[in-house]
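In case you want the letters, here they are:
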Amino acid sequence: MAEDPSKQYWYNMKTGQVERGYQSPSVDRAGPFATEAEATHALDKMRANSRKWAEEEEADDR
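The text that follows walks through the structure, step by step, so that each part is easy to find. (Residues numbered from 1 in each chain as written. Predicted model: local features only at pLDDT ≥ 70, side-chain atom pairs only at ≥ 80, totals over all residues. Heavy atoms only, no water.)

**Some words on the pattern of salt bridges**
Any two side chains of opposite charge can pair, given that their charged atoms come close. Tallied over the full model, the rule gives 4 salt bridges. With its nearest N and O atoms 3.8 Å apart, the salt bridge here joins Glu3 to Arg20. One end of the pair, Glu3, is in the segment before β1 (9-12); the other, Arg20, is in strand β2 (residues 18-20), with 17 residues separating them in the sequence. Owing to a relative accessible area of 39%, Glu3 belongs among the partly exposed residues under this scheme. For Arg20, a relative accessible area of 45% puts it in the partly exposed group. Residue Arg62 is joined to Glu58 by a salt bridge in which the shortest nitrogen-to-oxygen separation is 2.9 Å. Of the residues examined, Glu58 reaches a relative accessible area of 47% and is grouped as partly exposed. (Salt bridge = Lys/Arg side-chain N within 4 Å of Asp/Glu carboxyl O. Helix = DSSP H or I, 4+ residues; strand = E, 2+ residues; numbered from the N terminus. Buried < 20%, exposed > 50% of the residue type's maximum accessible area, 1.4 Å probe, protein only.)

Keep in mind these numbers describe shape, not what the thing actually does.
The following block contains the structure:
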């Protein structure tokens, strides 16, 4: 079973800080992440995912 999200790491999109647990409103959080390091690089991961999805969508449109 996955770890309780209230004890995992989150990236706060508003402050740019990593938080553990539900410290801020859900609208401001991205995650959960298993480690603090993963949460620290949340924006990089989200950008990579967005690029990948855009490329896949473009390939599907051909």
